[in-house]
Each structure stands twice: as C-alpha cells, then as structure tokens.
Number of protein chains: 2
Amino acid sequence: MRQSASFIPTLRETPQDAEIKSHQLLLRAGYIRQLASGIYTFLPLGIRVLQKIEKIVREEMDRIGAVELLMPALNPAELWQESGRWETYGPDLMRLKDRHERDFLLGPTHEEVITKLVRDEVKSYKKLPLILYQIQTKFRDEKRPRFGLLRGREFVMKDAYSFHADRESLDEVYDKMYEAYTRIFTRLGLNFRAVIADSGAIGGKGTHEFMVLSEVGEDTIAYSDGSDYAANIEMAEAAAAYEKPDEEERPLEKRFTGDRKTIEEVAAFLQVSPERCIKSLLFTVDGHYVLALVRGDHEVNDVKLKNFFDAQVVELAGEQAVKEVLKCPVGNLGPVAMKNEQPVKVVADHAVKYIVNGCTGANEEGYHFVNVNPERDFQGVEYADIRFIKEGDPSPDGKGTIRFTKGMEVGHIFKLGTRYSDAMKAVFLDENGKERPMIMGCYGIGISRLVSAIAEQTSDEKGLVWPKSVAPFDIHLILINERDEKQKQMAEELYDFLRREGFEVLYDDRKERPGVKFADSDLIGIPVRLTVGNKAAEDLVEIKLRKSGEMWETERSRVFAQLKEIFERI
Amino acid sequence: MRQSASFIPTLRETPQDAEIKSHQLLLRAGYIRQLASGIYTFLPLGIRVLQKIEKIVREEMDRIGAVELLMPALNPAELWQESGRWETYGPDLMRLKDRHERDFLLGPTHEEVITKLVRDEVKSYKKLPLILYQIQTKFRDEKRPRFGLLRGREFVMKDAYSFHADRESLDEVYDKMYEAYTRIFTRLGLNFRAVIADSGAIGGKGTHEFMVLSEVGEDTIAYSDGSDYAANIEMAEAAAAYEKPDEEERPLEKRFTGDRKTIEEVAAFLQVSPERCIKSLLFTVDGHYVLALVRGDHEVNDVKLKNFFDAQVVELAGEQAVKEVLKCPVGNLGPVAMKNEQPVKVVADHAVKYIVNGCTGANEEGYHFVNVNPERDFQGVEYADIRFIKEGDPSPDGKGTIRFTKGMEVGHIFKLGTRYSDAMKAVFLDENGKERPMIMGCYGIGISRLVSAIAEQTSDEKGLVWPKSVAPFDIHLILINERDEKQKQMAEELYDFLRREGFEVLYDDRKERPGVKFADSDLIGIPVRLTVGNKAAEDLVEIKLRKSGEMWETERSRVFAQLKEIFERI
C-alpha cells in the first residue's frame, strides 16, 4: 500500500489521556482513534492487525472442528429474562428500546442466543456434540473504560459455545480448546500463562484464564517457581501446613483497647503479633449473615467464600448492619462473645485453628480478648480455605514456592455445565429416549484486546514491534528522495516486485524528510525496513530489522533471497 | 466440512412468515434463523456466503485504492447533533443512553464519524483525496422489517467515503466506484442495472443506485428499450414533447359536478378525457404551501417537487389544511379561482401548458371549470418537470421507449458535496493557503442484503442455486451408505483429496436416507454434487451440476480433471 494514499496519521507527542504504553503507541502510530470513552475506530493499520489475529483464531478454531456462525448484537430482553441475566447483569449491560418500546440489549456475550438457537434445532443426542463460534462486536458499558483497547465499551470477541450429551464430551472439547488457545497465543508471539480461574459453583478445574504477563495487567497471578502451576490469585488454593506453637493455653482475658480498630493498632497495643490475631469480618452471603475469620496477616478471599457457600452474591456488611446484627462496632468483632439475635454462621480459615493464645474483638465497643484459643473459646465454626494465597506460601501442587505476577486476561475457557440449558430448557433425548439438559462450555478470546496486549508486550522505547504473524505489513519500503529518478525507479520497481512475490508492503512514497520517515517507521513497527536512498546509484539498498535493530546494505539482486531468509528466521 | 459436525438445520416445510422465495429458502436450507423481527443469525452456511461477498467487495475496493478501516457502531449523539441528523433522522434511528445518561445511537451510516475523523487528522490538500471504507454491522429500526435479509434492522454494509479538494477529483473517484460496483455485482452473478437516483439538492448525475432486477423489488425502475438508460422512477425525467391540439379556445365555464371528486368521476361526468383535466394537489414544501398541477393522466412526483424547490420535506397537505388555505374541499381544487389568503405558489408540469379547453376544480364545493386554457385563465405559474414518467414515454436520452421493471437496491453511490463538511467544519487549506470545505462522496453496498438478493435471483423450485463465486462450498460430496466400507473409504479419500487440491467441500457423512441427502443438497445449492454410492464398487462416482441439472457417472481417476474443467466453465 502506498503510504501517501493510506491514512496513517502519526503523532509526535504522547497523548495525555493515554496511561499505558500500548495505548500511547497505538494512538501515536496511527492504529486507532478514540470516538468516545472506551469506543475506538480502527484505522487502516489497526484493522490489518485485527484481521490477522482473527485469521489465526479462525484457523485454530476450524482445526479443532468448531464451526463459525454470526449472531446479532441486538438481543431481545425476553431471552435474557429466561436466563435471569436481564435482572442480574447490572449497569454494564447496554439496554435500549425499539420503536415499539420493546426492550433490547446489546450482547456482551451470547449464551442466551446460542442456547435458544440450539434448543430450537437440536433434539437428539445424535446431533451432539456441537461446537459453534463467532467473531463479533460486543458491548459492555464499563464503569471505567481505560487503557485503550484493553478495557473498552465496544470490542471484538471470539466467543465459542459447545453443547454435549455428557460430561466426558465436554471435557474432551475443553481440552481441545485449551490446546487451541495455547497455539493461538503462541502464534501471536505472546508470553502468556493459562491460569486456574474462578469456576463459581462448578468447582474443580472447570475454568482457565489465559493471561498475558504484563506490569499493567489488572489481575494478579499466583504461580509456582518450581512447577507450571498458575492460578488467578482469587482461586489459588492456600496449601500451607500450619503448626500450633508449643505453648500453654492461658486463661481468656478481656482488655480495654479504646478506639484501636485495625489489626496493626490492636496488635501493637496488646503486644501480640498479627499472626496471633483473629481478623473477623461480617459478610452477607446471598442475604444471610456470615462472620468470616482469618489470621491477622491474611486477607479474606470473597471468591472462595462465595464458592464455599455455592452462593451468587457475597458482600461485606456495612457498619450499620454490623451494629444491628452483632451489637458492636466493626473494629471489635470476634467469634468468642457474639451477641447476635439473628442467625450468623461463622466460617474460619484453616490457619485460625492453629492460633494459640491469640487475640480478637470482644463484641463490645473498646474491648478485645487476649489468650484466645479457638477450640476452647469458640465452637460451631466451619473451617475452610477462605484466604488469599500469599507470596512465599508453598505451591498447592507441592512443588516450589508461590510468586506473584501481573497479567491481563485475553482468553477464558469455562465449563458452563447446565447453567443455561436448565434455565432455558435446552434439552435433548438421550440414547434411551430420556430428556436431559444439554451440557455446555463457553470459550472467549478478546480479539481487539489482543491488539493492545501484543503491543504492550512487544513494543520498545521507539515504538511498536509487531511479531510477523500479526504485523500490518511484512516490509516497510522507504524511498528517501522521491525527486531522485534513480531512487524512485528502484523503489517503485521493488514495490511491484515484492508484492508479486507475496510480501505485504507498505511503501513510504510521501514527500517527507528522511528523519520523519525513519521515525514513523520505528513507531509503526513493521518487522523489516527496506530503504532506497543515495546508494541506489550503486545498486544498493539498506535492510533493517525492527526488533533487533540489525542493519546492513545489500545489492538489489540479493534482496529477495535475504528477505526469504529473514522471514524464515524471525 | 463434515455435515455431521456442522450445523445445517434444513426444513421440509416452508416457514409461514416468509413471504418471498429467498427468505423461505434461506430459512429452509439452514442459512439463517430469525432472532427477532428483522434480526437474524447467520448459520454456518450463511456466514460463508456473507464472507465470500465481503471478500469480493474488499478486492474491488482495494483495487481502486480505497483503504479499509473500522468505525464503531456506538456513535455519540453530539456528532449527530453537529450534522443535524440527531433531530431529522426520525424513529429509524436506534437511540440509547449509557450508564452516565449520555445519548448514543447505533450507526445506520457513518458520515458523521468519518467526517470527524478526517477533519481531525487532515489539514492540507496534500493529504487529499482520501478513500476510506469499512465492512461493518449497521442498525436501522425499520418500521416494517421484512423479506428476511432484504429489509432488516441489523445488517452488514460496506460503506465508503471519499474526501476531495475539488469536484474533478470527486468525479474521478465516483467513476471508479461506479466501475468497481459494476465489477462486484457482475462477479456476484447478478442481473442488475445502475440507475440514476434521487440526488436531492445536488442534482445532475450525482447519484446512482445499483438495482438487482426482481419481481419482489420494492423500487420501480424506468429503463429504455432502445438504450442503456435506466433511472429510479422517482428520478426519470419526463422528456415527452407535447403539442397543443389544433382547436379553438372556448369560453371558460363553471359547471356543477356535485360530489364527483376524482379525475375519473369528473372526466366521465363532464365528458372530457383525463388528458384534458388539470389535477391540482396542495403540498407543504418546507412549511410553505405549493399547489402542484399535472395532467389528469399523470401523477405528481414529490421527489421532483422537492428537488425543484431544493427542499428538505415535501408533504401532501391534509383535507383540513386544504379547507383552511384554499377554502374548498380537496376534490374541487384548481388554479383558476384561488381564494387563498396566505401565499400559495403554483407549479405545473410542462404537459399542463399544452392543455386546450381543459377542466379543473373551481375552488368551490361542487363545481369545476371547463374550457380552461392555461395561459389565458391562470398566470403566475412556474412550469417544470414534476410528474412521474410513464411506460410508453420516450426515453430521456432520446433513444427508445420507457419500460418499467422492479428492482431491489443493493448499492448506492452518491456525490455528497459539502453537506457534511459544511455542517461539521471539515476544512482543509488549498494550494493558496485558503480554507475550504472538503468535498465528499459516499458509496454503500448492502452486504447481507446481497445474500438475499442473489438467492432471490438465482434459485429454482428445488432450492438455492449459488453462483460459484459466493457458494458456501464448491462441492457437495455425498456418501450414500456410510455402512458400506467401499463407499465410505472412497468418500473419505475423496474428501481429503479434494480439499488438498484446494476445493471447499461439504461432506455429507450423516446417517440419513439418500432421498434426504439429495433433497438437502438441492436445497442448499452448492454448484457441484459428487455422489459416492453403489457404483463405488466399480470405481465410479456421479457428478451433478446443480444449475443445469446435468448428471453423469465418471471413473474415480477422472474426477479431478473433470472438476477442473467444470469450474473453469461454470
């Protein structure tokens, strides 16, 4: 493509509202432009990257036998009322009415539409399994759109859904998807990890997130330094083995602690280490009160709490609710002297059981207990893993020690089970003529988000550095002086020749200074730069590799052979 | 693709709510399914056709130097307020609010977005012209969605926009687009015509519609039987040469006609031919009253009226308004004795001027004039071409006679001029440093509509008959008996072989009766059917061409050569 006829508006200055590198560079190099908060236009370079990602995703989906279709963005509300999500999805769902005042929404995912479609057409186990996918524009009214394409309100997704007669078939397709995702992110040149994620009520290993490792990631990944274990921090099992300190149990004592509320303040005042404090937090779990106990140096993990109770909604109770239910302020909660009238379940993290002569709130304003010994001083408690894992904890798989890193989610595979087929009555007849709900899986990839994720991970201080698999062009051909007949002739001839040979070439034929052209070229980040300048008179062109910075001159006649060799190597 | 693993739900019955052939067949053959009125899912076969059309469109757009980008569906209201369309677009525009109560809309076209984009980035004539296009999902809340993909509420369009420093450059790109569109619709195998369309205020030959000829088309095309002239009936110039009958002008007379109102009733009663009646209709043109006169056998063309006055809105005045303004009922209007107090312009079709001893309303309930002679009996009239052309009229290009046919619009090219650049201040500096508005063109193709248009035009009584350029697959390979080892082996081997050779193959490996497979195959409409049945034992397969119905047996070893020959021929 001739750069003069394309639309690649580059910027010298870093746009002020772009916080992270990929966002800055995609704007500066002319790949995207914002239309409204979280809503972007893909400029000619941007859509080329997007389409190359789409092509790779399609190839890998097709390879595992997934079949493409295309569902509408406009979803009628009735369908989402069937699944229940019309009520539960909240303000992220973009809702609208048509001219007849009928409710619609713009799909953020398509479980409802695909479940209805398959329910209406498939009646027998003979037509299962079925693996369907689409690449389609989605909408989610993010509270805080940011980081360019990483968290937008209109974005491109690949979403796949599978339907099965039995769980074995789901497991098999899930594993194929896992492999396909691994191939996709590998082909995209990403440094990523598949991590165990929150599978909600399903439990087990029913879901993985594919995370691109990056400082700017919004998720924390707990991984082992001694194995390939990796999990979203929300999900990583705390597998530490605890031991009781070898110490006499002393008599329980109530102490005045005044307005000291936090673990740090109370621990310092009472001269007890935080590890001996019992942190007590009141939650509502699907409307019921639950007092959650963890060690003072640990944090309650509400996802684990939610999964423990197989609940939909877990929320920390407010100060007012705590006062009403437990008759004392938030900072004085504890399990020893609860004065509640309504029922409050108590669940404690395993580590709490091993505390000896600990301290906790006395359920009385201004007072804490010391010398608390769990089994002696409070009973009726369920013990479970309800805390966040910490760096330094042993890896749950028994190999190595847990470390943390940041990641951005670019893919998610999930065993849905019968969540939607139950709600929407998607049933089939099995071999025995018995009606059963279809078992489902869903599998997403953030296509437009990947543009940013790749840019974030592969760029350098001069600009973008695309892996060849998704670069908008293979070669950036630069003509230094368009008024020099010899140069111009060689550049034009190379432009035609290279395209005939199957290379995608961006040809900078603009009337600009060489400095501008070189800076733009580094910014745009095409893998190979080919410069036709003064040395054209000697039949020489310059080759430069964007990533390594290697640069050399070569004879015109040797260009093709060298390019072939380069593209095999990089 | 193995049919057993795909999702091609065919129907034996014709769906009741599908009125036209293409809609019925696309549903029956498993290409689309309706999700809500005017909102469709493209099933696996449907999206393959859609993508093939997209590919052809992309190739032809790229060939004329148009550059692809992708704009968002969500458009902020502010932009449309700048252009004025937020107010004028009406209920077809799908509007919604985001979580912050900000107004958005779902783009039915993208003039505003592209104009803002180019306005923000292009400041100099040196960056012009610019031709940008996208293939993107659009939304329009049709009052009466129907005919499947022909008139939907969510649909795929190719929309292109060009920006120019001068009108010559626009003309040049417009012509290139015209050629590209002609190539596209030719490659799609369509019987189409480019017709002159309503260019509104711009006038001249500033716009063409590309119409697929079809009985079910919603537009009427006036074409010449003696040249390649074709125009939307709204636009076709009435070029008849009129002559005054050689007859004495008789004195004007008022006659009682009672409650006879229509031309037919009045003409019969007064024994005057309709050609001698002056039909008078009151319109509001941008809020002003206009009395339009045409001959009794002609019809007022409101598009011509609108263009004559360079107006935005032309509407027929209601009975109430007529009474108020002209003090008489609708059926007694005429230009001779107007009793209006407020100003009413009178515009007459050229043909009116040539009436001798005609008849018209007397602006008095129950009375008409006879022996009306225009120049003698009423003055202050502007004469213009304001009637619809009729079959039998001479062609405006002077060659042949006008005939009518029906068409469905699948493309539209339009010289926008400065409509948007003026409103949205998209200006550039010309060679002399002078600020000027950009001159624009816009160019649309209804991609998803084309799926229906092609289906409508090419199908037969057995099902769809795709041209090879857009067929979802090249070959439909049918295995008759999947339990016959010899048949199965040959079919499997052919499936692998043909795909290796670059053919796209749908392989019917289902456990179904041969009758079902053949009927489905005819319904689905892939160009070539290859059947492996009993004769596999003799190393024979059967080839059938869907379109012509030709069918023959051939040896396995000759299949490839014959297929190659077929695909060169069809």
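As recorded in an unreviewed UniProt entry, chain A goes by the name Proline--tRNA ligase, listed as coming from Caldibacillus debilis GB1. UniProt's Subcellular location (unreviewed entry) comment on chain A is quoted here verbatim: "Cytoplasm".

A.B. asks: Quick question: what am I supposed to make of the overall build of chain A here?
C.D. replies: Scanning chain A from terminus to terminus reveals 15 helices and 29 strands. In terms of its C-alpha atoms, chain A occupies a principal-axis envelope of roughly 95 × 65 × 50 Å. Partitioning the contacts of chain A with sequence separation of at least 6, the portion at a separation of at least 24 is 69%. Roughly 23700 Å² of accessible area belongs to chain A as shown, and the carbon and sulfur atoms make up 47% of that amount. The average position of the 82 basic charges and that of the 97 acidic charges among the side chains of chain A differ by 3 Å.

A.B. asks: Whenever I open this one, the nonpolar core confuses me. Can you help?
C.D. replies: In a soluble, globular protein the nonpolar side chains are often hidden away together inside. Ranked by size, the top nonpolar core spans 82 residues in total, and within it Leu 74, Leu 106 and Phe 163 of chain A together with Leu 74, Leu 106 and Phe 163 of chain B carry the most contacts. Setting aside anything within four residues of it in sequence, one finds Leu 74 of chain A in contact with Leu 96, Phe 104, Leu 105 and Leu 106 of chain A together with Leu 35, Ile 39, Met 94, Leu 106, Phe 139 and Glu 154 of chain B.

A.B. asks: Explain the relation of the copies chain B and chain A here, please?
C.D. replies: The operation linking the two copies of the chain is a rotation about an axis combined with a translation along the axis. At an RMSD of 0.1 Å, chain B and chain A line up after a rotation of 180° and a shift of 0.1 Å along the axis. What the superposition gives is, in effect, a two-fold axis relating one chain to the other. Using C-alpha coordinates, one finds that chain B approaches the rotation axis most closely at Leu 96 of chain B, a distance of 2.6 Å. The overlap is high: 100% of the interface residues of chain B also sit at the interface in chain A, so the same surface is used on both sides.

A.B. asks: Can you walk me through a positive patch on the surface in this structure?
C.D. replies: Together, Lys 126 of chain A together with Arg 483, Lys 488 and Lys 511 of chain B line one region of the surface with positive charge. In this structure, Lys 488 of chain B sits in helix H13 (residues 485–500). By relative accessible area, which is 32% here, Lys 488 of chain B ends up partly exposed.

A.B. asks: Just to check I follow, could you spell out the interface of chain B and chain A for this structure?
C.D. replies: Where the parts come together, the accessible area they lose is often given as the size of the interface. In this assembly, 53 residues from chain B lie in contact with 53 residues from chain A. For the chain B face of the interface with chain A, the top three residues by lost area are Phe 7, Leu 35 and Arg 99 of chain B, together amounting to 16%. Counting across the interface, chain B meets chain A through 6 salt bridges. Taking the shortest distance from any N to any O, the salt bridge between Glu 121 of chain A and Arg 33 of chain B comes out at 2.6 Å. In this structure, the connection of chain B to chain A is made through 16 residue pairs in polar contact (both at pLDDT 80 or more). The residue makeup of the side of chain B that touches chain A, split by class, is 34 nonpolar, 5 polar and 14 charged.

A.B. asks: What is the right way to read the pairing of strand S25 (residues 475–479) of chain B from this model?
C.D. replies: Working note: regular strand, side chains alternate between the two faces of the sheet. Residues and elements named next belong to chain B. In terms of burial, S25 is largely enclosed, as 5 of its 5 residues are buried. Residues Ile 475, Leu 477 and Leu 479 point to one face of S25 and His 476 and Ile 478 to the other, with burial holding for every one of them. Pairing of S25 with strand S26 (residues 505–508) involves 4 bridges; the strand directions are parallel. The partner of Ile 478 across the bridge, within S26, is Asp 508. Between the parallel pair S25 and S26, the chain is carried across by H13, and the sense of this crossover is right-handed. As judged from the 5 bridges shared by S25 and strand S27 (residues 528–532), these two strands associate in the parallel manner.

A.B. asks: In this structure, what is going on with the packing of helix H1 (residues 21–28) of chain B against helix H12 (residues 447–458) of chain B? I would like to understand it.
C.D. replies: Helices that pack against each other are described as a pair by the angle of their axes relative to one another and the distance between those axes. All names here are of chain B. Viewed as axis vectors pointing N to C, H1 and H12 meet at an angle of 105°, and their least axial separation amounts to 8 Å. Relative to H12, the element H1 is oriented roughly perpendicular. On the side of H1, the interface is formed by Lys 21, Ser 22 and Leu 26, while H12 contributes Val 451, Ser 452, Ala 455 and Glu 456.

A.B. asks: I would appreciate a short explanation of the packing of aromatic side chains in the present structure.
C.D. replies: The final tally for this structure, using the stated rule, is 30 aromatic pairs over all chains. Plain terms: the ring middles of Phe 308 of chain A and Phe 309 of chain A are 5.0 Å apart, the flat faces sit at 85° to each other, and that makes the pair edge-to-face. Residue Phe 308 of chain A is classed as partly exposed on the basis of its relative accessible area of 33%. Taken together, the ring pairs connect Tyr 178, Tyr 181, Phe 185, Phe 192 and Phe 210 of chain A into an aromatic cluster. Lying across the ring of Tyr 420 of chain B, Arg 419 of chain B places its NZ or CZ 4.4 Å from the centre.

A.B. asks: Just to check I follow, could you spell out the environment of Leu 93 of chain B for this structure?
C.D. replies: Residues and elements named next belong to chain B. For Leu 93, the location among the structural elements is in the loop between helix H4 (85–88) and strand S5 (94–97). The class for Leu 93 is buried, based on a relative accessible area of 4%. For the pair Leu 93 and Asp 225, spaced 132 residues apart in the sequence, the C-alpha separation amounts to 40 Å. Once residues within four sequence positions are removed from consideration, Leu 93 is found in contact with Trp 80, Arg 85, Trp 86, Leu 105, Leu 106 and Pro 108.

A.B. asks: What am I meant to see in the pattern of salt bridges here?
C.D. replies: If the charged atoms of two oppositely charged side chains come close together, the side chains can form a pair. Residues and elements named next belong to chain A. In total, this model carries 106 salt bridges over all chains according to the counting rule given. Between Glu 550 and Arg 569 there is a salt bridge, with the nearest N and O atoms lying 3.8 Å from each other. Here Glu 550, found in the loop between strand S28 (540–545) and strand S29 (551–555), pairs with Arg 569, found in helix H15 (residues 559–569); they are 19 residues apart in sequence, far enough to count as distant. Taking the relative accessible area as the measure of exposure, Arg 569 reaches 44% and is therefore partly exposed.

A.B. asks: How should I be thinking about the packing of helix H2 (residues 44–63) of chain A against helix H12 (residues 447–458) of chain A in this particular structure?
C.D. replies: Residues and elements named next belong to chain A. Running from N to C, H2 and H12 cross one another at 115°; their axes reach a closest spacing of 9 Å. Our classification of the angle between H2 and H12 gives roughly perpendicular. Seen from above, H2 lies across H12 with right-handed handedness. Facing H2, whose interface residues are Val 49, Leu 50, Ile 53, Glu 54 and Val 57, H12 presents Ile 447, Ser 448, Leu 450, Val 451 and Ile 454. Of the residues assigned to the contact of H2 with H12, the class counts are 8 nonpolar, 1 polar and 1 charged.

A.B. asks: Even after reading the chapter, I still don't get helix H14 (residues 514–524) of chain B, so can you show me in this structure?
C.D. replies: Working note: α-helix, 3.6 residues per turn, so residues spaced by three or four point in the same direction. Residues and elements named next belong to chain B. Residues of H14 that are buried: Val 516, Lys 517, Asp 520, Ser 521, Asp 522, Leu 523 and Ile 524. Where H14 is buried, its residues touch H1, helix H2 (44–63), S25, S26, S27 and strand S28 (540–545). Just downstream of H14 lies Gly 525, where phi reads positive at about 80°.

A.B. asks: I would appreciate a short explanation of the sheet that holds strand S4 (residues 74–76) of chain A in the present structure.
C.D. replies: In a beta sheet, neighbouring strands pair by backbone hydrogen bonds and run either parallel or antiparallel. Residue and element names in this part refer to chain A. Read from one edge of the open sheet, 3 strands run S4-S6-S5, paired in antiparallel fashion. Of all the strands in the sheet, just S4 and strand S5 (94–97) have a single pairing partner and so form its edges. On average, adjacent strands in this sheet sit at an angle of 35° to one another, irrespective of strand direction. Where S5 and strand S6 (residues 103–106) come together, 4 bridges link them in antiparallel fashion. The partner of Lys 97 across the bridge, within S6, is Asp 103.

A.B. asks: Is there a simple way to think about the environment of Glu 154 of chain A in this case?
C.D. replies: With respect to the helices and strands, the residue Glu 154 of chain A is situated in strand S8 (residues 154–164). For the pair Glu 154 of chain A and Asp 141 of chain A, spaced 13 residues apart in sequence, the C-alpha to C-alpha distance is 8.2 Å. Among all residues touching Glu 154 of chain A, those that are not within four sequence positions of it are Gly 38, Ile 39, Thr 137, Lys 138 and Phe 139 of chain A together with Pro 72, Ala 73 and Leu 74 of chain B. Within the structure, the side chain of Glu 154 of chain A is placed 2.6 Å from the backbone nitrogen of Ala 73 of chain B, a separation counted as a polar contact. Here the side chain of Glu 154 of chain A touches Leu 74 of chain B through a polar contact of 2.9 Å, landing on its backbone nitrogen.

A.B. asks: In this structure, what is going on with the sheet that holds strand S18 (residues 358–361) of chain A? I would like to understand it.
C.D. replies: Residues and elements named next belong to chain A. Strand order in this open sheet of 3 strands is S13-S19-S18, and the pairing throughout is antiparallel. Each end of this open sheet is capped by a strand with a single partner; those strands are strand S13 (253–256) and S18. Between one strand axis and the next, the sheet turns by 30° as a mean value, whatever way the strands run. Two elements, S18 and strand S19 (residues 367–372), share 3 bridges in a ladder whose sense is antiparallel. Residue pairing in the sheet places Thr 360 in a bridge with Phe 369 of S19. In this fold helix H7 (residues 263–270) packs onto S13, S18 and S19, with an angle of close to 65° to the strand it touches most, S19.

The rules we used
- Residues numbered from 1 in each chain as written.
- Chains lettered and ligands numbered in written order.
- Predicted model: local features only at pLDDT ≥ 70, side-chain atom pairs only at ≥ 80, totals over all residues.
- Heavy atoms only, no water.
- UniProt positions renumbered as here; feature names shortened; annotations may be inferred.
- Helix = DSSP H or I, 4+ residues; strand = E, 2+ residues; numbered from the N terminus.
- Contact = heavy atoms within 4.5 Å.
- Areas by Shrake-Rupley, 256 points an atom, 1.4 Å probe, with all protein chains shown as cover.
- Lys, Arg positive; Asp, Glu negative; His and termini not counted.
- Charge placed at Lys NZ, Arg CZ, Asp CG, Glu CD.
- Core = buried A, V, L, I, M, F, W, Y, C linked by side-chain atoms within 4.5 Å.
- Buried < 20%, exposed > 50% of the residue type's maximum accessible area, 1.4 Å probe, protein only.
- Least-squares fit on C-alpha atoms with pLDDT ≥ 70 in both.
- Patch = residues over 30% accessible without salt bridge, like charges linked within 9 Å, V, L, I, M, F, W, Y side chains within 5 Å.
- Salt bridge = Lys/Arg side-chain N within 4 Å of Asp/Glu carboxyl O.
- Buried area = accessible area lost by both parts, 1.4 Å probe.
- Polar contact = N/O pair within 3.5 Å; in protein donor to acceptor, adjacent residues only side chain to side chain.
- Nonpolar A, V, L, I, M, F, W, Y, C, P; charged D, E, K, R; others polar.
- Pairing = 2+ DSSP bridges.
- Right-handed = clockwise from strand over helix to strand, strands pointing away.
- Axes fitted to C-alpha atoms, helices over the stretch in contact; angles between N-to-C directions.
- Parallel < 35°, antiparallel > 145°, perpendicular 65-115°, else oblique.
- Phe/Tyr/Trp six-rings, centres within 6.5 Å; stacked < 30°, edge-to-face > 60°.
- Lys NZ or Arg CZ within 6 Å of the ring centre and 35° of its normal.
- Left-handed = near helix turned anticlockwise from the far one by under 90°.

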